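# Chains, contacts and geometry: an overview
Residues per chain, in single letters:
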Amino acid sequence: MTQGEAVEARPELREDLTKIACASYIGEMLDAVLPENKPQEGVFVLAAAALTLLGSLDEPFLLLSCFELRLLAALGYRLNFDACAACGRSTQGESFYVSPERGGVICAGCRGRLAGAYAEDFPPPQLSAGACRLLSGLLNWDLRRVFNVKAAPAMRQEIDAALAYYLAYYLGAPAARAKENLSVYYKV
Ligand SMILES: [Zn+2]
């Protein structure tokens, strides 16, 4: 049998490759964030749960987002998507700006007011009210809810860009590289 025939005979192969890429991403992130000889139980429990659920999901996006958010939380960076981190205004009805400096998001008004503190040549991603709500849920829900929730492609893009920004800010180059590697095999 040639390789081409083998691929045709296994239509689920693409899905399997995506899952392998996602699983190795989870492993790469652990490598990137865990200092040697310093086990962090919460992080391992989270990774094990994510790997288990990965096997039975058709679409891994929300699970991976959940993993990323909770990994940050386990490392001490629990993000808040419910309100502007500067003025406390609720994240409803308008887009907010990603603000890792403040541990969550800030409203357009506060961003304007605080603009001096931010480099404008690299504007932070924005999150719609719906994306903020979903991110908040992904942090707080039972992990298995990723089976019952779907996100439209536009919202996935939004969330992916925001999470990449937070991960790079808090965890630096190794985490950013892991996410980049994943994007070669898995298109959000
Ligand atoms: Zn504000």
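Placed above this text is the structure.
Just so it is clear, the model here is predicted, and its values are computed rather than measured.

The rules behind these values
- Residues numbered from 1 in each chain as written.
- Predicted model: local features only at pLDDT ≥ 70, side-chain atom pairs only at ≥ 80, totals over all residues.
- Heavy atoms only, no water.
- Helix = DSSP H or I, 4+ residues; strand = E, 2+ residues; numbered from the N terminus.
- Buried < 20%, exposed > 50% of the residue type's maximum accessible area, 1.4 Å probe, protein only.
- Contact = heavy atoms within 4.5 Å.
- Areas by Shrake-Rupley, 256 points an atom, 1.4 Å probe, with all protein chains shown as cover.
- Donors = N, O, S within 2.8 Å, 3.2 Å for Na, K, Ca; no water.
- Tetrahedral: all angles 85-135°; square planar, octahedral: opposite > 155°, others 65-115°.
- Salt bridge = Lys/Arg side-chain N within 4 Å of Asp/Glu carboxyl O.
- Pairing = 2+ DSSP bridges.

Each helix and strand counted, the chain has seven helices and four strands in total. Secondary structure of the chain in N-to-C order comes out as α-α-α-α-β-β-β-α-β-α-α. Each of the 188 residues in the chain was classed as buried or not, and the buried ones make up 41%. Taking contacts inside the chain between residues at least 6 apart in sequence as the whole, the part at least 24 apart equals 68%. Looking at the chain as shown, the accessible area adds up to about 10200 Å², and 53% of this sits on carbon and sulfur atoms.

The coordination sphere of the zinc ion, as far as protein atoms go, consists of Cys 84 (SG), Cys 87 (SG), Cys 107 (SG) and Cys 110 (SG), spread over 2.2 to 2.3 Å. The coordination sphere of the zinc ion comprises four donor atoms, whose angles at the metal cover 104 to 117 degrees; the geometry is tetrahedral. Read N to C, the donor residues that coordinate the zinc ion are spaced as C-x2-C-x19-C-x2-C. Linking Cys 87 in the loop between β1 (80-84) and β2 (96-99) with Cys 110 in helix α5 (residues 108-114), this pair joins segments that are 23 residues apart in sequence. Assessed through its relative accessible area of 44%, Cys 87 is described here as partly exposed.

Attention shifts here to the pattern of salt bridges. The tally for this structure, following the rule as stated, stands at five salt bridges. In this structure, Asp 142 engages Arg 144 in a salt bridge whose closest nitrogen and oxygen atoms are separated by 3.0 Å. Taken together, the salt bridges that share partners define one network made up of Glu 68, Asp 160 and Lys 179.

Turning our attention to the environment of Asp 16. Structurally, the position occupied by Asp 16 is in helix α2 (residues 13-33). Placed 42 residues apart in sequence, Asp 16 and Asp 58 show a C-alpha to C-alpha distance of 9.9 Å.

It is worth spelling out the pairing of β2 at this point. With two bridges connecting them, β2 and strand β4 (residues 126-127) associate as antiparallel partners. Residue pairing across strands places Phe 96 opposite Leu 127, the latter belonging to β4. The pairing of β2 with strand β3 (residues 104-106) spans three bridges and is antiparallel. By the bridge assignment for β3, Val 98 is matched with Val 105.

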